[in-house]
Amino acid sequence: MLKEYLTISSVSGPLVVVEKISDVKYSELVEVQFGDGELRRGKVLEISDDKALVQMFEGTIGLDVLNAKVRFLGRTQELGVSPDLLGRVFDGAGRPRDNGPQIIAQKRLDINGNPINPNARAYPSEFIQTGISTIDGMNPLVRGQKLPLFSAAGLPHNRLTAQIARQAKVLGTDEKFAVVFGAMGITFEESDFFIRDFRDTGAIERSILFINLANDPAIERISTPRLTLTAAEYLAFDLDMHVLVILTDMTFYCESLREISAARKEIPGRRGYPGYLYTDLASLYERAGRIKDKKGSITFLPVLTMPEDDKTHPIPDLTGYITEGQIIVSRELHRKGIYPPVDVLPSLSRLKDKGIGRGKTREDHSDVLNQLFACYAKGKEARELAVILGEAALSDIDKLYLKFADQFEDTFVRQDESEDRAILDTLAIGWELLRIIPRSELKRVREEYLNKYYTV
Amino acid sequence: MKQARIAKVSGPLVIADGCGGTKMFDMVRVSEKKLVGEIIELKKDLAYIQVYEETSGIGPGEPVYLTNEPLSVELGPGMVSTIYDGIQRPLEAVRSLSGDFIARGVDVPGLDRTKKWDFKPSVKTGHKVSPGDILGTIDETQLIKHKIMVPPGVSGVVSEIKAGSFIVTDVIAVIKEDKGIDKKITMIQRWPVRKQRPIKEKFAPLEPLTTGQRVIDTFFPIAKGGTACIPGPFGAGKTVTMHEIAKWSDAQVIVYVACGERGNECADLLLSFPELKDPRTGRPLLERTVIVANTSNMPVAAREASIYTGVTIAEYFRDMGYSVAVMADSTSRWAEALREMSGRLEEMPGEEGYPAYLSSRIAEFYERAGKIVCLGSDSRQGALSIIGAVSPPGGDLSDPVVQATLRVVKVFWGLDDKLANARHFPAINWLLSYSLYHDNLKEHVCSTVSEEFISLRKEAMRLLEEEASLLEIARLVGIESLSFDDRLILETAKSIREDFLHQNAFHEVDTYTSLQKQYRILKLVMAFYSVAKRKIKEGVDFDSLIKLPVREKISRLKYVEEDKPEEFTKAEEELKNSLQ
């Protein structure tokens, strides 16, 4: 029999202080019964001899100090998992949202998980073909990688994310990805776009969706990504599936974190975000990966919108320090009408080198991508120069680089939303473009590959 | 003794009462789960404990077990090739106990208690020994001869010494101390991590720590026993540069501390180091490496300890007379762990919320580096170099951690976002970076490479600086309006950048360049400049000069294997002939 306490002494924002308690543990789950009978949940944030600080997941509107009853459940927040999770849509707290039945859990997992032992990690090295040249060719994704999409308001990151979820596959195998999708604070229209896209393509059968909309309680967003990742870990490491986790939008998650931190009157770090934002984000991002001797994997694609397109804002900044690269969606390319507007120069995939090359994609891949990067960077420099001095003032070689940059954006970056471009086609376009530049300039490519591919 | 108990839990901070008589920085075990913690503040009966493991599920009233000794590491044979967490628990043993995910309260000693080591004594009974004297050796790996030393604070006459196969806890010698007490010596030494290990004497470092990275060894070298930092925004290549140095530097032991970084990077080290060969000995690199890994999702308090654990292990190897390098990636994460604990202790914050003692802690840490004379009567020398990565928010160098670090380190390798975006790696900005070891190392470089190397470097640096200002002018007036002399400077600087400074860490040959090869590449690049400059004066056509086929040959010299010096001679010949 659980004890009920009627001893709430104060409520401030999402935080509730309960007094005269006994035998309560740190981070235990709490149930609060409001005066009108409504049940809401929260967890213990701080605990001393007779006082517990509780953070409510679904807000405190309608809570009164006198009549509310508090029960400590003696366990941390858990997710009941079973293979039936697949094909279902849940809300941000893990309750069914699709009018379907409750899940009968095979087991219950703590949503905070435990850190993967670094010694147990297998290094991600299987190339994932997303069918998008700017990713496959320039910033390849591998199984077990965490690669965020840095976007901003008004850019087509949702379409790009959905395209990746649709097309992603490992070459030479028929294995398909299961997709676990977590939405935090996005609008109904955005979530509807994803659900419809998943339904239309049949992907929903292999998906689990956790949706917290913009008008759902903000505090619930703290647990949404953890539920998502716990479900993903179950699919990957218990059911041997390859899981692609998409979390959108991390910016809203961080704002909820800030809200709680402010309510706790903690000393704020940069821009009011708590000093532990890095550690907190890492506890999510680092759950991606592969484990030795296990078949499954978690590949993680968080999406965040950069406030004011600013890459140095704490959220993208700290994310970039934890994740293994980033894909940057550019407003400039979007304005030019290029889809997908991926700006390859500041984008990066840290794990690419073990995932590409002979036997994985093609032996020249690494050299070609380095050379394309270098040429495109020079082409963009030439373009800037041409703006100041006029195109006529460019040297002959700079004119070629300029031409390269224009064509690169037009044929390599640009592709149709439904175009699933194979990696060999991507490389062929790459070589096509490199032929614009004289051979002596291509210093990043080995002789043997130049001999083989440059002259056709 | 009164039983201490938990009074309050707030994340990794636990407050316990009934702790009268304990000391600051004593280690404790919290709750029945026996979580490891350390006392960081004392108020009468209350102890503030930072707990190195996740604290969910523990609550007030649970017991706290006092150990009355500070957080220490075990030093002895078996550390090399091992991967530890921040408080020296071997992760492999943890895995066999708790599976693929790290459970809490796992108690594993730092050194394997079952493995037998072959101990060869090097002293006889009756020998008088003092702290640091070598009692005997163990061939830990083919690269590391582990020396068992008399622990600090022990001296006397050896009354017993054994030879043969022992586990680390076996007594291998007995020393009769001056007071007449028999001191039993095992192969383990315990040492508190926050305390520097004693040395005899420290002196200025005069030998370079070569790293095989051209931009570092030629332009911004670090000395054996020196300190360096690599600050840079994310994606600029800090970790790749750190890995490259760990792989190719000529230190004898590498301690790699992955502090609050990515788990996959640790997996990469573990995966690649057994396969990569040390260029000097041909043995797998893992045989000289100790890894301390506290990834970003592992408990934050243990992250704070991991740096000290790493440097203490390094000092122990230094005391054997080895040249050791500690790579700390990244010190910003360590500083953030300090900040987090400071916030929970409700201390008054300094800059950016960091505690006021941030800079003194950083200075203390880097000062543990140095070229030293070890304890022991043979006066052997050891060196401890520290290289720290710093991850300032947004790459902003005014960050307090960067500034505090720059005040103490002697070498600054500043990584540049722009270079990284153009895929110029290592993205070390040559105009921003500096090394204060040039003068110290001069003599050594002159005697081992060439005196000319130093003047070539200065000349190349001058061209790179001129390039920066010439490019400004070219941007305004167009490149055509520059004189041929200036355009030659631009061409040469470009060649220095692309053919010398740019280095591909993933290319099998390019990843490591010996000092000798660096010298010969730079010599050719600069030789082209001086010859072409003369030719321009003589009225030779500029375009035909820069289009000489020998230039392409020069640009590919970095891909020439170390054992083919004749390629350089050929290129030198060709340069001479084509400009006759």
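Residues numbered from 1 in each chain as written. Chains lettered and ligands numbered in written order. Predicted model: local features only at pLDDT ≥ 70, side-chain atom pairs only at ≥ 80, totals over all residues. Heavy atoms only, no water.

Chemist: Even after reading the chapter, I still don't get the domain arrangement of chain A, so can you show me in this structure?
Modeler: Interfaces are frequently sized by the accessible area removed from exposure as the parts join. All names here are of chain A. Here the domain parsing of chain A yields domain 1 (4–72), domain 2 (78–355) and domain 3 (365–454). Domain 1 puts 11 residues into the contact, and the matching count from domain 2 is nine residues. Here domain 1 and domain 2 share an interface that buries about 940 Å² over both sides, 55% of which is from carbon and sulfur atoms. Area buried by domain 1 at its contact with domain 2 is led by Pro 14, Phe 57 and Glu 58, which between them contribute 43% of it. At the junction of domain 1 and domain 2, the tally comes to two salt bridges. (Domains from an automatic or database assignment. Contact = heavy atoms within 4.5 Å. Buried area = accessible area lost by both parts, 1.4 Å probe. Salt bridge = Lys/Arg side-chain N within 4 Å of Asp/Glu carboxyl O.)

Chemist: I'm lost on the packing of helix H11 (residues 451–477) of chain B against helix H13 (residues 515–537) of chain B in this one. Help?
Modeler: A packed helix pair is summarised by two numbers, namely the angle formed by the two axes and the spacing between the axes. All names here are of chain B. Across the interface, H11 lies against H13 with an axial gap of 10 Å and an inter-helix angle of 55°. In terms of axis orientation, H11 runs oblique to H13. Between H11 and H13 lies a crossing whose hand is left-handed. Residues Glu 452, Phe 453, Leu 456, Arg 457, Glu 459, Ala 460, Arg 462 and Leu 463 of H11 form the contact with H13, whose participating residues are Leu 515, Gln 518, Tyr 519, Leu 522, Lys 523, Met 526 and Tyr 529. (Axes fitted to C-alpha atoms, helices over the stretch in contact; angles between N-to-C directions. Helix = DSSP H or I, 4+ residues; strand = E, 2+ residues; numbered from the N terminus. Parallel < 35°, antiparallel > 145°, perpendicular 65-115°, else oblique. Left-handed = near helix turned anticlockwise from the far one by under 90°.)

Chemist: I keep staring at the environment of Lys 69 of chain A and nothing clicks. Help me out?
Modeler: Residue and element names in this part refer to chain A. One can find Lys 69 in strand S7 (residues 69–72). We classify Lys 69 as partly exposed; its relative accessible area is 31%. Counting along the chain gives 136 residues from Lys 69 to Glu 205, while the straight-line C-alpha distance between them is 41 Å. If sequence neighbours within four positions are ignored, Lys 69 has contacts with Glu 4, Tyr 5, Leu 6, Glu 31, Val 32 and Gln 33. (Buried < 20%, exposed > 50% of the residue type's maximum accessible area, 1.4 Å probe, protein only.)

Chemist: Teacher, can you tell me more about the pairing of strand S16 (residues 182–185) of chain B here?
Modeler: Residues in a regular strand point their side chains to alternate faces of the sheet. Residues and elements named next belong to chain B. Of the pairings in the sheet, the one linking strand S15 (residues 173–177) to S16 comprises four bridges and is antiparallel in character. From the neighbouring strand, Ile 175 faces S16, where its bridge partner is Lys 183. Turn length for the S15-S16 hairpin, with the two strands adjacent in sequence and antiparallel, is four residues, and the turn residue Gly 180 shows positive phi of about 95°. (Pairing = 2+ DSSP bridges.)

Chemist: Help me out: how do you make sense of the nonpolar core in this one?
Modeler: One broad rule of soluble globular proteins: the nonpolar side chains tend to lie buried together. All names here are of chain B. Counting 89 residues, the largest nonpolar core has Ile 387 and Trp 413 as the members making the most contacts within it. Two domains share this core, each providing at least three of its residues, namely domain 3 (201–435) and domain 4 (452–578). The residues contacting Trp 413, other than those within four sequence positions of it, are Ile 216, Phe 220, Ile 222, Ala 228, Cys 229, Ile 230, Pro 231, Ile 245, Ile 387, Ile 428 and Ser 433. Core analysis: the second largest hydrophobic core is formed by 75 residues, Leu 75, Phe 119, Val 290 and Met 320 among them. (Core = buried A, V, L, I, M, F, W, Y, C linked by side-chain atoms within 4.5 Å.)

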